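The lines below spell out each chain.
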Amino acid sequence: MTNSLRKTAWLLLFLLLPLQSIAFDKAVMDRLAALPGISKVEPLESEAYQDKYVMFIKQQVAHDDASVGTFDQRLIVCHVGFDRPTILVTEGYYAHYALRKGYQEELSKILNANVITVEYRYFAESVPQPCNWDYLTVENSLYDLHNVNMTFRQAYSGKWIASGISKGGQTTMFYRAFFPDDVDVSVPYVAPLNKSTEDGRHEPFLSKTVGTKADRKQIADFQTELCKRKHALMPMLRSHCEKRGYTFRVPVEDIFDYMVLEYPFAIWQWGTPLSDIPSVTADDKTLFDHLLKINEPDYFAEQSPFLPFNVQAARELGYYGYDMKPFRKYFSIKTTEDYLHRIMLPAEFANVRFDKTLYNRTMKFLKENDPRMIYIYGSIDPWSASGVAGLKFLKNKHNIKVYMLEGGSHRTRINSFAEPEREEIISTLKAWLGM
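Rules and cut-offs
Residues numbered from 1 in each chain as written. Predicted model: local features only at pLDDT ≥ 70, side-chain atom pairs only at ≥ 80, totals over all residues. Heavy atoms only, no water. Helix = DSSP H or I, 4+ residues; strand = E, 2+ residues; numbered from the N terminus. Buried < 20%, exposed > 50% of the residue type's maximum accessible area, 1.4 Å probe, protein only. Contact = heavy atoms within 4.5 Å. Areas by Shrake-Rupley, 256 points an atom, 1.4 Å probe, with all protein chains shown as cover. Lys, Arg positive; Asp, Glu negative; His and termini not counted. Charge placed at Lys NZ, Arg CZ, Asp CG, Glu CD. Disulfide = S-S within 2.5 Å. Expected span 1.5 Å × (residues − 1). 1 Å grid on protein atoms, 1.4 Å probe; cavity = no way out; pocket = protein on both sides within 12 Å on 5 of 7 lines; lining within 4 Å. Points joined across faces, edges and corners; volume = space filled by probe spheres on them. Nonpolar A, V, L, I, M, F, W, Y, C, P; charged D, E, K, R; others polar. Salt bridge = Lys/Arg side-chain N within 4 Å of Asp/Glu carboxyl O.

Of the regular secondary structure elements, the chain holds 14 helices and 9 strands. Summarising its shape, the C-alpha atoms of the chain cover approximately 70 × 70 × 50 Å along the three principal directions. Split into buried and exposed, the 435 residues of the chain put 54% on the buried side. For the chain, the proportion of contacts with a sequence separation of at least 24, taken over those separated by at least 6, is 73%. In the structure as shown, the chain presents an accessible area of about 19,600 Å², 52% of it carried by carbon and sulfur atoms. A distance of 2 Å separates the average location of the 52 positive side-chain charges in the chain from that of its 53 negative side-chain charges.

Structure representation (structure tokens):
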């Protein structure tokens, strides 16, 4: 063999090795690829599943008008068995995390179940072209899920569970309200149910409820110290934003104020130990570095990758407001009212206004029905303030169950609970699924 042929042979071997290292059952892959509307099926490496694939499904841009066109929506399918339960992950954002070879969804591990992760429309690989924002509605997203369900039921004959986290948890809840018979069980994690763009329940939660009085004072003292040092910290913020290419729809001085206001929400949401908060006597850099660690200014930047979410928050998902009264004398901003439009959305969305129809429909469904649902929340997560745990009528339900983990953040999962609650949740799920 000549040197040229040897090089060619080794190159071919090198290119083929990654494909050869992915073990999968071709019969499984062929069966999934044959489902209607499915395309571009490719095997993925996995440490948890024998068969794992990324693929696309054809969806209508407008569920009630085929003439608007179609788009391809990305799915990641983790296969255990065609007769096993199937977890439909109602993702609210990107689904790229499910591509990781170490990915294993919590319920899938508990129940030895298949997983179909559905990337939310208008995110990452699932954006209609042209990108007409009029069709980014929750209702259209739920018809996406319904189509996935109806398609894959042709292969998966076991019980079905819908589950999602945060915005994905909201989607799980809305999906059950719109298509109550699509799945046997729904498990929304840390899912808010907001009634406006500035819901109003989060501010008192942060100022009067979460943690202890001493905890809340420690956070407020840190915010106040940031305000007092604004002049010294602004050059650091400008430099940081310039290095990363962040631009904003308002002056950067205003962004500093909003970072101060966002701080308590962010630190409680992710369960950051309050012992991480620097002393108010610490140097400027220490204070600034901690502020960045808790909430980066990219959250408010024009370059934010979460524009689709911001559009939906303004249109029908709702959001939270800020209480600026304790810091008003330090701020350059005069009001935080309608900040979502002024800071988080381009001018083209100026006329988008909140529609309470989705909230009302979901509330009506929960009041009038008792589907098998398990809600998971953490008690220090600000999103729990607008969750369903406070709905008194749920106490009379037999099937809808709400679990609140004391001290739990937005990271709360079933396995976060200690016994006997964790076993109670798992036993309920298995009983409902006939396992």
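A few words now on the state of the cysteines. Per the counting criterion, the structure on display carries 0 disulfides. Summary of cysteine pairing: Cys227 is not part of a disulfide, and the nearest cysteine sulfur, belonging to Cys241, is at 17 Å. Relative accessible area serves as the criterion here: at 6%, Cys227 is assigned to the buried category.

Bringing the environment of Ile57 into the picture now. By the element assignment, Ile57 lies in strand β2 (residues 51-60). Each C-alpha atom, one on Ile57 and one on Tyr359, is 29 Å from the other, the two residues being 302 residues apart in sequence.

The terminal C-alpha atoms of helix α14 (residues 421-432) lie 17 Å apart, and with 12 residues this matches the ideal 16 Å at 1.5 Å per residue to within 8%. Where α14 is buried, its residues contact α3 (106-111), β7 (185-189), β8 (374-378) and β9 (401-405). Of the residues flanking the end of α14, it is Gly434, one or two places downstream, whose phi is positive at about 70°.

Structurally, Thr172 is set in helix α5 (residues 167-178). Those residues in contact with Thr172 that lie beyond four places of it in its chain are Thr90, Ala162, Ser163, Gly164, Ser186, Val187 and Pro188.

Peptide bonds are trans in most cases, and residues, glycine excluded, mostly fall at negative phi. Cis peptide bonds are those with omega within 30 degrees of zero, and the linkage from Gln129 to Pro130 qualifies with 0°. Position of Pro130 relative to the elements: it lies in the loop between β5 (114-118) and α4 (138-152). Between Glu419 and Pro420 the backbone carries a cis peptide bond, its omega angle lying at 5°. By the element assignment, Pro420 lies in the loop between β9 and α14. Look at Asn112: it is not a glycine, yet its phi comes out positive at around 50°. If you trace the backbone, Asn112 turns up in the loop between α3 and β5. The partly exposed category is assigned to Asn112, whose relative accessible area is 42%. Phi is positive for Tyr122, close to 75°, though the residue is something other than glycine. Mapped onto the fold, Tyr122 is located in the loop between β5 and α4.

Next up on the list: empty space enclosed by the protein. Counted according to the given criterion, the structure contains 2 cavities of 30 Å³ or more. In this structure, the largest cavity encloses a volume near 50 Å³. In this structure, the largest cavity is lined by Gln73, Thr90, Glu91, Val118, Glu119, Tyr120, Arg121, Ser141, Asp144, Leu145 and Thr171. Looking at the lining of the largest cavity, the element that brings in the most residues is α4, giving 3 residues. Considered as a void within the structure, the second largest cavity measures approximately 40 Å³ in volume. Lining the second largest cavity are Gln170, Phe174, Leu193, Asn194, Glu316, Leu317, Leu358 and Tyr359. At the level of elements, α5, α11 (307-317) and α13 (357-368) are the ones that each hand at least two residues to the lining of the second largest cavity. Grouping the amino acids of the lining of the second largest cavity by side-chain chemistry returns 5 nonpolar, 2 polar and 1 charged.

Another point: the pattern of salt bridges. Oppositely charged side chains can pair when the atoms bearing their charge come close. On inspection of all chains with the given rule, the structure shows 18 salt bridges. Residues Lys58 and Asp72 are paired through a salt bridge, measuring 3.0 Å at the closest nitrogen-oxygen approach. Within this pair, whereas Lys58 is found in strand β2, its partner Asp72 is found in strand β3 (residues 70-79), the two being separated by 14 residues in sequence. A residue is classified by how much of its surface remains accessible, and Lys58, at 41% relative accessible area, is partly exposed. Note that Asp257 and Lys230 form a salt bridge whose closest N and O atoms lie 2.9 Å from each other. Note that Asp257 is positioned in helix α9 (residues 252-269) and Lys230 in helix α8 (residues 230-244), a separation of 27 residues in sequence. Each of Lys40, Lys58 and Asp72 takes part in one network of salt bridges that share partners.

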